[in-house]
Each structure stands twice: as structure tokens, then as C-alpha cells.
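Overview (structure and organization)
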Amino acid sequence: MKVNQLKSGAILSYVNLGIGTIIPMFYTPVMLRLMGQAEYGLYNLAASVTGYLSLITFGIGSAIVRYLTKLKTENDKEGFENMFGLFNVIFRVIALITLVAGIGLSAVVPYFYSDSLGQDIGRFQLLILLLSFNMFFSLVFTVYTSVVTVYEKFIFYQFMNILSTSLAPCFNIVVLFMGFQSIGLVLVSLVMMVASCLCYIYYVRNKLHIKPRYNNMPTSLIKEILLFSFWVFLANVVNQLYSTTDKLIIGAVPVLATTGVAIYNIGTTFTNIVLQLSMGVSSVLTPKVNTMVFSGSDNRQLTDLVIRIGRIQMYIVMIVVTGFIAFGRQFIQFWAGDGYQEAYWVALVTMIPACVPLVQGVALQIIVAQNRHRFRSLVYLGIAVGNVIGTYLLVNSFGIIGAAVVTGVANIIGQGFIMNWYYWKKIGLEIPRFWKSLLNITVCPIIMCVVFLIISYFVDFYNPAVMLAGIIVYTILFIVTQWRFAMNDYEKNIFRAPVMKVVNKFGKKEA
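Here the structure is a predicted model, which means the values were calculated and not measured.

1. Some remarks on the nonpolar core
Inside soluble globular proteins, nonpolar side chains tend to come together where they are buried. Y113, F124, F270 and L429 are the most contacted members of the largest nonpolar core, which has 105 residues in total. Here this core takes 18 residues from helix α13 (residues 299–336), the largest share from any one element. Setting aside chain neighbours within four positions, we find F270 in contact with F324, F331, I332, W335, A347 and M351.

What follows is the structure, given as C-alpha cells:
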């Protein structure tokens, strides 16, 4: 029986996201208490600094899927393997440059953080060095991961993700109990990265029977690849500025330092959860989007795809975001403990503006496939620079809340207004129809959120049992109201189909 890789991959991606959401609910409180707020902040600050090394890839990672998908669509296996070899060589060079840059970065950070970190600066340097080695191995083998995606072997891909998501926290807890603190976490990540890469190599070579060829690599395409990747590179610069620069600036302020980074990171953790959940479906659609673009699908067909996936993403975004607004303060108090109250407001002012691009993930994939992402990169670069300047000016006066507000406002302007205008007027996607189709999904959750906020003045949701009961009631009401007033037949069938399969199997067994 032929397995539907796309559907199974989407289901498994949400299994992975579910595991990745549930496990931290138990793991993070233990980690916070074993590490302490300062050590946790130091670990996240090191990860933020090292994250800038990913920019050395120059955005070429996005080109792998595009070029390999084109060759696969043309059934050109020899050309595919030649391109595979070319990307392999490129990324090995990039990996080596990244490692050297990481070593250099480790050497210079005392000039920027010695005042705020004090005696922790030596451990901070070691963390950056180890994280650089982690990134080195990730880059060396990154093309193998992309080949699995291009061949749409999403079951294996998501199985590896689920395995990593499940095992990493277990190993982390062990090393934390052994007293290795943040150094232990990075070593666990390094070992798991190498093991995962070896599994991908084995699968590509022995299951897909694909091997990189180095004798006839299409080196003439390097210039074209670099030109394509340049605008993705600018987008990556922007993403890096958004995701880590706030923490870099906060970490350099002595009065905030690692404690401020820890609180800010807890807040943005919830924003990242929404990001991961909403992108679960669109992440497996990259080959499909490229195939539709290459086969000449018109703007109406592309808009239909954006709407179909955007509506599914909107259900996820609405239940998580409105639920967090209603129960977030109480949950953070229970989950992270005392000293993290500001994380709730950090989460709100970064999470809500991020909802717009989160439900338009497929639209982004379309403009990348069409090689029309230059405008987006320039717009994002502009607002990212504004975000950095604004954060630098406000963080000393308004602390981490000021940094979060600047990021949220930049998101609204760039990813909200400007990019929707571009999708509509320049790309030709039917954006008014898109938002109109999503509108009915938002009504009931907003009303429910307001009602539960009012109820919180009379009910003690800080009591864990009462809070859990409230979340369960909220979830049930969300499902019932959305099923009754928002879902169309296609969306209902997504849930009906698996249930009917189970019922039919049991029916056949009894017969």
C-alpha cells in the first residue's frame, strides 16, 4: 500500500510539534530550577550570539530545495546528483568558515560583555566555542536533510525530528542533575547533531540511492545561485536581528544582563511555540509550492492554496494566542516560578503582531519559488534596522518591555501592512479574499477570550487545578464553536477521515 508522504508528514509534523510543546511544559520548569535564572540567561545569550554565524550561509540553504526540486521534476537524476555534489562542496566550505568565525567570536566577546557578565565571561566563551562546532556539523551535512525533503520523504524526516525532540530533554535533564549546567546542554546538542547527520547520510545513500557526484558539477550556476540567495540572505539578516538582537542588547546592560535575557527568552518562547505550530503544515508544502510555480499555476490557484493552508494555521494561532491572553499570567507563574511576571507582556507584544505572517507562510514560499523575494528582503532589512535602533534607545529606560514593544511595532508595519500590499498589488495574490475567508475564524475566540478575562477577576486561575479546568473548558468551547460556525467541509474532513478509518477497521473486524 502506497503511503501518502505529504499527509503523513503533515500529521507527524504536528505530532512532533505536540511533543515539542508538551515536553517543555514539564522540562523547562525543571531546567530553570536546576540551572537558575542567571545560568539560563547565560546559555540563551550564548545561543543568540552564535546564531549570527548562520548568516555566513548567505541564504544558500533556500536555494538547495529550489534547484534540486527543479531537477527532480525534470527527472534528471544525473543532474540532480551533480547539483547535490556542488551544494555539498559549497556547504563544506561555509562550515569551515563558520567554525573559524566562531573561534574568533569566542575570542572577542569579552570586549562587549565583560562588564555585564563579570566572572562568567570564561564560561560564556566556552559556550560560544561549543555552539560553533555544533553549527559546523549541521552545515556539513545540511544538504542531505534537504534531499530528504525534496524527495518528500516526510515520514523519515518527521520521525527524526520526533526522536530528537523526545530524547534531547531527557539527556539534558541527566546532565543537569550531574551538575554540568549549560556546558552539558551544549555537549548533548552536539552529540545528537552528529548522530542525526549520520542517520540522514545513511538514508539518502542506502534508501534513496542518491549520491553526490563531484566530477561534473554545474559550477556555472554558482553565480545564479548566489544572486538568488542574496535576497534570502537579507531576509535571514532580518530574522536574526528580530530573533536575537534584543537579547544581545539586553545582555550588555549591566542592570539587566543574564536575568533580563532569561525573562525575555521565557516571553518569546511562547511566541516561538505559535510560530512552530502554525508553520507545521506549510513547512511540508515547499516542494508542492515550487512544483506549482514551475508548472505555471495561475494566481487564483496559488491564492486558493494560501487560503486553504492559512485557514488551518489560523485555527492553531487563534486557540494558542487567545488562550494565552486569557491564562498566560497564571500559567507563567505556575510554570516558570517567581521573577518572570514581565515575560507575559513580552509574549503578548511580540506574539500578536507575529500572527499576520504566521498565517501567510505559503505566500512567502510562493515569492521565493518565483524568485521575487527581493522586495520583502529590503523591506524587512529596513524595519529590522529600525528595530535595533529603537531597542537600543528604549531598553535602558523601559527595560525588556521597551525592547519587545519596538519589535512588535516593527512586525505590524513590515510583515503586516507593507507585505500584504506587496502580495496583493505586485504578486497578484487575492489578499482581500484571503483575509475575508479567515475572518469568521476569529470571532468566537475573541469573544471567548474577553469573557474568560472577565471571569478571571472572580475565579482564582492561579490555583493550578482551577487553571487546568479553565483551559480544558476553553479548549472544548473553542472546538465546538469553530466546528459549528467557522469550519468548512474540507476542514471538517481532515478530522473526520482518520476517525472514519478507525471506525471502519473495527467494523470489519467485528464482521
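2. Structural notes on the packing of helix α2 (residues 37–51) against helix α6 (residues 121–140)
In a packed pair of helices, the relevant descriptors are the angle between the two axes and the axis-to-axis distance. Interaxial distance between α2 and α6 falls to 9 Å at its minimum, and their mutual angle equals 45°. Here α2 lies oblique to α6, going by the angle between them. Crossing geometry of α2 relative to α6 is assigned as right-handed. Across from E39, L42, Y43, L45, A46, A47, V49 and T50 in α2, the residues of α6 making contact are R123, F124, L127, I128, L131, S132 and M135.

3. Some details on a nonpolar patch on the surface
A cluster of nonpolar side chains, namely V443, I446, I447, V450, V451, I454, I455, Y457, F458 and V459, defines an oily patch on the protein surface of about 980 Å² accessible area. Structurally, I446 can be placed in helix α17 (residues 431–455).

4. Focus on the environment of I249
One can find I249 in helix α10 (residues 222–251). A relative accessible area of 14% means that I249 is categorised as buried. Through-space distance from the C-alpha of I249 to that of N396 is 9.7 Å; in sequence the pair is 147 residues apart. Other than its neighbours up to four places away in sequence, I249 contacts V388, T391, Y392 and V395.

5. Re the pattern of salt bridges
What the rule picks out here adds up to seven salt bridges. Notably, a salt bridge pairs D304 with R433, separated by 3.0 Å at the nearest N-O pair. Of the two residues, D304 is situated in helix α13 and R433 in helix α17; the sequence distance between them amounts to 129 residues. We classify D304 as partly exposed; its relative accessible area is 31%. One salt bridge connects R311 with E491, and the closest N-O pair in it is separated by 2.5 Å. Of this pair, R311 sits in helix α13 while E491 sits in helix α19 (residues 489–510), placing them 180 residues apart in sequence. The network of salt bridges with shared partners includes R300, D304, E430 and R433.

Rules behind the numbers
What you see as residue numbers is a count from 1 along each chain, following the sequence as written. With the structure being a predicted model, the display of local features is reserved for residues of pLDDT at least 70 and the display and counting of side-chain atom pairs for 80 or more, all residues being used for whole-chain, interface and lining totals. In computing side-chain properties, one takes all heavy atoms of the structure into account and sets aside hydrogens as well as water. Here, the term nonpolar core denotes a set of buried Ala, Val, Leu, Ile, Met, Phe, Trp, Tyr and Cys residues that are joined through side-chain atoms within 4.5 Å. Each residue is placed in one exposure class: buried if its accessible area under a 1.4 Å probe, protein chains only, is under 20% of its type's maximum, exposed if it is over 50%, and partly exposed if it falls in between. Helix and strand assignments follow DSSP, with helices taken as H or I runs no shorter than four residues and strands as E runs no shorter than two, numbered in order from the N terminus. Whether two residues touch is decided by their heavy atoms; if any such pair falls within 4.5 Å, the residues are in contact. Orientation is described by axes fitted as lines to C-alpha atoms, over the contacting stretch for helices, and by angles from 0 to 180 degrees between their N-to-C directions. If an angle is under 35 degrees, it is roughly parallel; if it is over 145, roughly antiparallel; if it lies from 65 to 115, roughly perpendicular; otherwise it is oblique. Left-handed is the label given to a crossing in which the near helix is rotated counterclockwise from the far helix by less than a right angle, and right-handed is the label when the rotation is clockwise. Two joining distances apply to patches: 9 Å for like charges and 5 Å for nonpolar side chains (Val, Leu, Ile, Met, Phe, Trp, Tyr), and every residue must have over 30% relative accessible area and no salt bridge. A 1.4 Å probe and the Shrake-Rupley method give the accessible areas. Residues count as covered only by the protein chains that appear here. In what follows, salt bridge is the name for a side-chain nitrogen of Lys or Arg lying within 4 Å of a carboxyl oxygen of Asp or Glu.

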